[in-house]
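Fold and geometry: a report
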Amino acid sequence: MSIYGFYFDGTRCTACKTCVYACKDKNDLNLGFAYRRVFEYTGGDTTRDGAGAISSDCFTYSVSVSCNHCDNAVCIEVCPTAAMHRDPQTGLICVDSSVCIGCGYCALSCPYRAPKVDRAKGHSVKCDGCNDLIKDDKAPVCILACPTRALGFGKISELQAKGEQVNIAPLPEKDYTLPNMYIKPSKDARPVGTDNAFIANPLEVL
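Residues numbered from 1 in each chain as written. Predicted model: local features only at pLDDT ≥ 70, side-chain atom pairs only at ≥ 80, totals over all residues. Heavy atoms only, no water.

This part takes up unusual backbone geometry. With an omega of 10 degrees, the peptide bond between Ala169 and Pro170 qualifies as cis. With respect to the helices and strands, Pro170 occurs in the loop between strand S11 (164-165) and strand S12 (181-184). A positive phi angle, close to 65 degrees, is found at Ala15, a residue other than glycine. Counting through the fold element by element, Ala15 comes out in the loop between strand S1 (4-9) and helix H1 (18-27). Residue Ala15 is classed as buried on the basis of its relative accessible area of 16%. (Helix = DSSP H or I, 4+ residues; strand = E, 2+ residues; numbered from the N terminus. Buried < 20%, exposed > 50% of the residue type's maximum accessible area, 1.4 Å probe, protein only.)

Following this line, the structure appears as structure tokens:
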């Protein structure tokens, strides 16, 4: 079984969110549901010294995130019906809606908040990496839609050669789940746990 994952180049992302809209369109997602989110993270201070000189260490950067199809997928571990499972061909994590009971354990356990419970459908929903397209040797729609080519997708061995396993704020510590997301961080990227910054677009991502 091949293991696939996502690649994100933080030096190219402009936070246009085309990836978000393409995903919503392909999956026919209602208001309130988004499988991919773009975090806008900002912080720093602008100060004036005694002589009146102004200095600033302000920064901002974006991170595009969907399900990371983690090696240590807690959503699979907590699922009581095995509805949350790893596809044997692609290694991508999918939901078997025929056995999902909508308990929400997956949504509560995932530190990336990737799974969500669709009460109208009665089961959990999430990014499956466009598993249907991957099996036809096509790329996920978020990759195809990105105008700056900030997103990539492929086998983990290929992604590891391009970047490092994601471990930047505002995302959680990578050791929790071992995410299959590799990145080229922007020069402004801050480590996990940075406390002098905040998510500037909480209504879009939280």
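Having seen it, we continue.
In this fold, Thr177 is placed in the loop between S11 and S12. On the accessibility criterion, Thr177 (2% relative accessible area) is buried.

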